[in-house]
Number of protein chains: 2
Amino acid sequence: MDDRNGGDTDPNEAVATAVDQARLREDLERNGGFGAVPGEGHGRTVLAGTDANREAREYFRGRLEDAGLTVEVDSVGNVVGRWAPPGATGAPVAAGSHLDSVPEGGIFDGPLGVYAALEAVRAMRDAGVDPARPVEVVSFTEEEGARFAPGGLLGSSVATGDRSVEDALALADGDGVTLEAALEGIGFRGEGRLDAAEWDAWLELHVEQHTVLESRGVPAGVVTDVTGITHCEATVEGEANHAGSTPMDGRRDALCAAAEFVTDVERAANERTEVDPAAVGTVGSLDVSPNATNVVPGRVEMGVDVRSVERESMDHLVGAARDSLDRLAERRDVETDLTRGFDLHPTPMAERCRGALHDGADAAGLEAIDLHSGAAHDSMHVANVTDAGMLFAPSRDGISHNPREWTDWADCANATRVLAGGLTRLAE
Amino acid sequence: MDDRNGGDTDPNEAVATAVDQARLREDLERNGGFGAVPGEGHGRTVLAGTDANREAREYFRGRLEDAGLTVEVDSVGNVVGRWAPPGATGAPVAAGSHLDSVPEGGIFDGPLGVYAALEAVRAMRDAGVDPARPVEVVSFTEEEGARFAPGGLLGSSVATGDRSVEDALALADGDGVTLEAALEGIGFRGEGRLDAAEWDAWLELHVEQHTVLESRGVPAGVVTDVTGITHCEATVEGEANHAGSTPMDGRRDALCAAAEFVTDVERAANERTEVDPAAVGTVGSLDVSPNATNVVPGRVEMGVDVRSVERESMDHLVGAARDSLDRLAERRDVETDLTRGFDLHPTPMAERCRGALHDGADAAGLEAIDLHSGAAHDSMHVANVTDAGMLFAPSRDGISHNPREWTDWADCANATRVLAGGLTRLAE
């Protein structure tokens, strides 16, 4: 640390003071213009490998270079800006998030974490922090999974060795365009593989996408655990029949059975919250065949989402869904099936990262509370290979994946102060 | 009656004997080839005003002329073949059905009634019947409503004055092609308006589309009433939210509410059958928005089909559906709406037509039972302007609107014998 801070100032406090809301806002607004969607709110569509994504990446690379960071792009398009002042040795600490969006998503989901990480490094430099470790600012490719990888978290899955570079590059969108071709097309198919296991620690700031912070009037939430997620496909096969000529007692109505299933899933999740408030169960999609007013439904396919920070709750809810289908098959003479596909275990965040973020909040004079994340994030993958922490900023009305997604600029800056303090602590 | 029957033979019996199964079958098989769909079963797609429809109409016109009938085509393409031997005066009796199909429909739904009517006239001539009234063989345009008129029953609605010629001709398909242009394109835009009110009586033979006749081993069903039909659109508006970050107690899940509605409609219909076995209630279509596994459903739209031969039952079931939505709106904090759109009253068939059909069955030595029609038919419209009767032939496994729709040729011939006897009795 140089003497610009004086001898008795906590470097975290100096960093918090050095966070520049206007500079952060300008980056986020500029980034929000790429793929901007006309209409109400602040929408953008930035799918991986598109022109809008190229523009966002080029602007980001330029801003990393403006701040004096060394930029590298790996084979799957993950972008890393590295700040390694003399004396910063050993394993780096890293922070970031993603720049891609869902179709007509908001301007904060992802970019806040990326540009807050960059602003944290700029603030550390401005405050004269002299870190013991290099600091890396990261943007992962295709976090949302809106184009190539339905499950999302693509770039982090490669950076953590969960998926090979080859498998990732071969993923194709609905038109058969591969990730490799798309990245080459926009000039962001780099070399090598970003390896998250080489990081000493990782932090990600993200909008909360819910109302806990807003309703309590707290500017920062330190994530204790990222929820586990299971997606199940449930099907009910009855018999399609004429709605007029088929009497009530001669029916095998797939939708009536599916309707009971939907309420069974809801009831099981409600009951589970008595012992595990983080447990949720949702039938989010339901498709009827043939889906005509005058035909008794013959088949229903449903998508079930089950989450909790406790694996036992997830298994319990999936079991309850299976039991419901078994009962319905017997009672309603229908065939049922449940396939448990996508399955991510709950991920606790590292104690030392949570502590560093709380230290960052203290240094900035901001309140922070503990909460869990009900959404998946790249940090779930990173936590498998190194110490990871996550921080939430308030989301207005909890809205996200929507042009109405909003976080006040002051809240963005405050959360960035907490992140910067945490990063400074970890880089000491 | 001429002396070919001898003096002591019931003309109905002679007509029943004269019905020629092979001749009927040839017509139905030839007709089934127009718009034939490859694959299993006997499928055909014959939408009004298409090339396949032109082929079917041209073949039909030719067969009417072969049988010595005078053919007329009205402004909306209804085709009538008239048999008016010397001495046949006064208001005609008529019989028929329709030649159009649903997409990938079967070869009996419609054509059986058309060609059975023609076969009945041929049998009457062969048997030397000398009717007191002219007999008309009719094919109505667009009964299924698969191209121009979503509610179907188009040609009969014009023939009964329920809809004007102008309104009918102006109906357009999904590509903006009007019925008028389509009929002109295939050469079946005729003159004037077929007026069903001028008929003394009307009979229609149709496949049952259910299993009552098959399960009882009876070859003919005399329809007592054609069901009334109401279609309602029900909507539930909740709030779409992230399935992970929205806790169970913070949700306004439109699908959970809709699921309760589906089972409420089923329960109300089941209960109603205790006093009215013909009552049915079906939620046939259900569409979820945004319909993604990981999003709490925000909106659900449903199509509800309610039928009975008793108007009171229909009103009761629609009322139960409304009550259900009101309860759900209150308990689940969602907005609900129910619109009663399409609405046809139950239609009793005329006593004298039912009697004539039973006489026809007796003369042919065939058993006939009474049953109601749960499906809509052109006869519903015709019954509003003259005496109408309907006859059902067995449907294998009750399947219709499907290439697997099937009625054995012997069953086709037997039902035609009953129809021919009934027509002979009405034309006396």
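The structure this text deals with has already been given above.
Residues numbered from 1 in each chain as written. Chains lettered and ligands numbered in written order. Predicted model: local features only at pLDDT ≥ 70, side-chain atom pairs only at ≥ 80, totals over all residues. Heavy atoms only, no water.

Caption draft 1: Looking closely at the relation of the copies chain B and chain A. Note on the copies: chain B fits chain A at an RMSD of 0.1 Å, the axial shift is 0.1 Å, and the rotation between them is 180°. In symmetry terms, the pair is related by a two-fold rotation axis. Across chain B, the smallest distance between a C-alpha and the rotation axis is recorded for Ala259(B), namely 2.1 Å. Here 100% of the interface residues in chain B have copies in chain A that are interface residues too; the copies meet face to matching face. (Least-squares fit on C-alpha atoms with pLDDT ≥ 70 in both. Contact = heavy atoms within 4.5 Å.)

Caption draft 2: Representation of the interface of chain B and chain A within the structure. At the junction of the two partners, chain B supplies 46 residues and chain A supplies 46 residues. Summed over both partners, the interface of chain B with chain A buries about 3700 Å², with 59% contributed by carbon and sulfur atoms. Summed over the shared surface of chain B and chain A, the result is 2 salt bridges. Here Glu266(A) ties to Arg332(B) by a salt bridge, and the two come within 2.7 Å at their closest N and O atoms. If you look at where chain B meets chain A, you find 12 residue pairs in polar contact (both at pLDDT 80 or more). Listed by contribution, the elements that provide at least two residues to the side of chain B that touches chain A are α9 (254–272), β11 (280–289), β12 (295–296) and β13 (299–308) of chain B. Grouping the amino acids of the side of chain B that touches chain A by side-chain chemistry returns 19 nonpolar, 19 polar and 8 charged. (Buried area = accessible area lost by both parts, 1.4 Å probe. Salt bridge = Lys/Arg side-chain N within 4 Å of Asp/Glu carboxyl O. Polar contact = N/O pair within 3.5 Å; in protein donor to acceptor, adjacent residues only side chain to side chain. Helix = DSSP H or I, 4+ residues; strand = E, 2+ residues; numbered from the N terminus. Nonpolar A, V, L, I, M, F, W, Y, C, P; charged D, E, K, R; others polar.)

Caption draft 3: Layout of the nonpolar core. By size, the foremost hydrophobic cluster in this structure holds 75 residues, and its most contacted members are Leu112(B) and Tyr115(B). With 10 residues, the top contributor of residues to this core is helix α4 (residues 111–126) of chain B. Not counting residues up to four positions away in its chain, the partners in contact with Leu112(B) are Leu28(B), Leu205(B), Val207(B), Ala393(B) and Cys412(B). Counting 74 residues, the second largest nonpolar core, distinct from the first, contains Val19(A), Leu203(A), Ala393(A) and Leu426(A). (Core = buried A, V, L, I, M, F, W, Y, C linked by side-chain atoms within 4.5 Å. Buried < 20%, exposed > 50% of the residue type's maximum accessible area, 1.4 Å probe, protein only.)

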